[in-house]
Structure formats: C-alpha cells, structure tokens
Amino acid sequence: MSDAKDMYQTFLAEHQLPESYANSARRHFEPVAQHILALQGLKQAPYVVALNGCQGSGKSTLADFLVSWFEAQGKRALAISLDDFYLTKAERQRLAKSVHPLFETRGVPGTHDTKLMTQVLTELSMGATLNSSINVPRFNKAADDRVAASEWTVISEPQDIIILEGWCWGARHQSPDALISPVNELEAKQDEQGQWRSHVNEVLKTEYEPLYALMDCWLMLKAPSFDCVYQWRLEQEQKLQARLAQWAQTQKKVDASGVMSSAEIQRFIQFYQRITEQLLTTLPDWADVVWSLSDQRQIQSCLSRNTFSHLEGEQV
C-alpha cells in the first residue's frame, strides 16, 4: 500500500497535478490497468496498449500514469507517442512540394514516418536485450523538428507493456464521397480540389490501418465534441511556453520557433478536425474502454467491452 501511495505522490508532483487526479485515477484507470496486467501475464510477447485522445485530452498524462503504475507493480513499461514519429521538417517540406503544400504542417496521417514506426513497433514486440538495444525517436515540438538520433530514447531491456498514444491512432479511412464536402475553412480555401485530404485518407488506409493489428487493446479518452480542442490545445501551448521559459534560465539557447500563437493554434487545429470528428463517432463503437470526458476533462462515464466488459461503468 505504501508503495502505491508513494507512486501517486511522486507522479502528482512530477506532473504538477492535484490530488483529485489521483482520486479519479484510482476509480477509473486502476481497474483497467489491473486487467491489462492480468492479460499481459497470459502473453509471451509484450502487451501493446493503444491509447487515443484528441489534442489536450490528457492522453500523454494517462500514458505516463499507466507506466508509473505498472512499474510500481514490478513490470517494465514504456510509453511512446505517435508524435515522436513525425517526419523531419525537411521531409515535410519535400512532401509539401511533391504532393500538397498543407503537408508542411505536422499532424495528419502522411506526416508520420510509418516505416520507422513499423520498425520500432516490431522490434519492441520482439523484445530488446542487453546485446540488442532499440532506439525510439523523439520530436521537439518547440523546434517543430525531430531531435538528433544521438538524443533518441534507448531501450536496452525487454518491455512487459508498451503504450502507444496518438490523437489519430485508431482512425480509419473514409469513403470518397465523405471527402467531397470540406469540414472547415482550411479545407474549403486551401484544399479546394480535395487533393490533400484524399492523400491523407489513402495513407490512413494503406499505412496506418495495417499497424492497428499490432495492438492488443484499445483505450480512448473521448472529448464531448471538437469544440473543446481549441481551448485544450491552447493550454498545452501555454504549458510548453512555461517550460521553455524555465529551460531558458539554465541554457544559453532554446529553439522556440515552433511555439504557436492563439491565432496559429486556431488554424492548426483545423488540420485535425475531420479525423477528430470521425474518431469521436466511430472509435467508441469498437474500442475496449472509452472514458467520456466533460469539457473540463472530468470523466463522466466509462464504457467497456470485450475482455474488459466486467469493469465498472456502462456495459455493452
């Protein structure tokens, strides 16, 4: 009990979270984590958890919490983000020239290095050893570019549980007819012929969906609507700015060229709108666990299915 209490205290302090987060985690996240632990014990290879949530929903914090909780149970756990597989700035600039200018902006399917993602996920699923380490990429959002390979995360031990979190993780391609009408001003004015969204849709089908088979279970933090994304994303950017200000006090130079203003965020989230709205209506139909959030990110209900169907909450 003391170990669990210490884990919570350490986690809350590191993430600057209130005690209310711990109370919510004990009620909503621990039962799921306990079940994952049981399922992992039945599997020879690492158990791979997929975690979806729109921008600012708290998925990165939840992924970190799960890692801390599993480690407190004596398991090796790793959280990786879809964001860390973004193409480099130079690669996105080349994609913008060869396919469509909107691909210079990171975010949508097509702006991730899916070959590298496949390689890393496959290697992690096989398990690292002391004689064969695995390098996991990292992306610097402040600089809007991937960090140097020398700064990647090195995994030198086999992992029991791997958590892959991402805003579009779990999205599936739409029918051609669904792409015809633009969903916002960005699509209407900067993708008039639908070339950008059609390419996004195609790579979603051919490069992302096949990777979903590597996942053992699916968790979702479900926003009440896309309307929350702007405020949530703005809060993320403000936290990033605060961290950069702290780093600037101890480092000679900090690259903050990728930090966005409120107006830039308003435009930025339009890149995400189509797929986010689609996920809000489709992923809850098949994800193993769906936590529905309020506009203040409080969990309102939990829906579970498949091997998770015994958990507390609304059942299907």
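Residues numbered from 1 in each chain as written. Predicted model: local features only at pLDDT ≥ 70, side-chain atom pairs only at ≥ 80, totals over all residues. Heavy atoms only, no water.

> How should I be thinking about the pairing of strand β9 (residues 289-293) in this particular structure?
When a strand is regular, its side chains alternate between the sheet's two faces. Among the five residues that make up β9, four are buried, leaving the element largely enclosed by the rest of the structure. Examined bridge by bridge, strand β8 (residues 217-222) and β9 share four bridges and lie parallel to one another. Bridging from a neighbouring strand, Lys222 pairs with Ser292 of β9. Judged from the five bridges that link them, β9 and strand β10 (residues 299-304) form a sheet pairing that is antiparallel. Looking at β10, one finds that Trp291 is bridged to Cys302. Taking the residues that link successive antiparallel strands as the turn, the β9-β10 hairpin has five residues, and the phi of Arg297 there is positive, at about 70 degrees. (Buried < 20%, exposed > 50% of the residue type's maximum accessible area, 1.4 Å probe, protein only. Helix = DSSP H or I, 4+ residues; strand = E, 2+ residues; numbered from the N terminus. Pairing = 2+ DSSP bridges.)

> Explain the environment of Ser198 here, please?
Inspection of the secondary structure puts Ser198 in helix α7 (residues 195-208). We classify Ser198 as partly exposed; its relative accessible area is 35%. Residues Ser198 and Ser175, 23 residues apart in the sequence, show an inter-C-alpha distance of 9.8 Å. Looking at Ser198, its side chain comes within polar contact range of the main-chain oxygen of Gly194, at 2.7 Å. (Polar contact = N/O pair within 3.5 Å; in protein donor to acceptor, adjacent residues only side chain to side chain.)

> It is not clear to me how the nonpolar core should be interpreted in this structure. Could you clarify?
General note: in soluble globular proteins, nonpolar side chains tend to be found buried as a group. Core analysis: the largest hydrophobic core is formed by 94 residues, its most contacted members being Ile36, Phe65, Trp169, Leu219 and Trp291. Residue contributions to this core peak at eight residues, all from helix α2 (residues 19-40). Ignoring any residue separated from it by four or fewer positions in sequence, one finds Phe65 in contact with Met7, Tyr8, Phe11, Tyr21, Ala25, Phe29 and Glu30. (Core = buried A, V, L, I, M, F, W, Y, C linked by side-chain atoms within 4.5 Å. Contact = heavy atoms within 4.5 Å.)

> Can you walk me through the packing of α2 against helix α3 (residues 59-72) in this structure?
Geometry of a packed helix pair, given as the angle between the helix axes and the separation of the axes. Contact geometry of α2 with α3 gives a least axis separation of 10 Å together with a crossing angle of 65 degrees. Here α2 runs over α3; the crossing is right-handed. Between α2 and α3, the residues in contact are Tyr21, Ala25, Phe29, Glu30, Ala33, Gln34, Ile36 and Leu37 and Thr61, Leu62, Phe65, Leu66, Trp69 and Phe70, respectively. Split into classes, the residues belonging to the contact of α2 with α3 amount to eleven nonpolar, two polar and one charged. (Axes fitted to C-alpha atoms, helices over the stretch in contact; angles between N-to-C directions. Left-handed = near helix turned anticlockwise from the far one by under 90°. Nonpolar A, V, L, I, M, F, W, Y, C, P; charged D, E, K, R; others polar.)

> Mind showing me how you'd approach empty space enclosed by the protein here?
On inspection of all chains with the given rule, the structure shows two cavities of 30 Å³ or more. By volume, the largest cavity amounts to about 100 Å³. Forming the boundary of the largest cavity are 14 residues, of which Gln174, Arg197, Val200, Arg274 and Ile275 lie nearest the centre. Secondary-structure elements contributing two or more residues to the lining of the largest cavity are α7 and α10 (270-282). If one sorts the elements of the lining of the largest cavity by residue count, α7 sits on top with five residues. Taken together, the residues that form the lining of the largest cavity break down as seven nonpolar, three polar and four charged. Approximately 50 Å³ is the volume attributed to the second largest cavity. Contributing to the lining of the second largest cavity are Asn52, Gly53, Cys54, Trp167, Met220, Leu221, Thr276, Leu279 and Leu280. At the level of elements, β1 (47-53), β8 and α10 are the ones that each hand at least two residues to the lining of the second largest cavity. Broken down by element, the lining of the second largest cavity gets its largest block of residues, three residues, from α10. When grouped by side-chain class, the residues that make up the lining of the second largest cavity number six nonpolar, three polar and no charged. (1 Å grid on protein atoms, 1.4 Å probe; cavity = no way out; pocket = protein on both sides within 12 Å on 5 of 7 lines; lining within 4 Å. Points joined across faces, edges and corners; volume = space filled by probe spheres on them.)

By themselves, these are just geometric observations and shouldn't be taken as functional.
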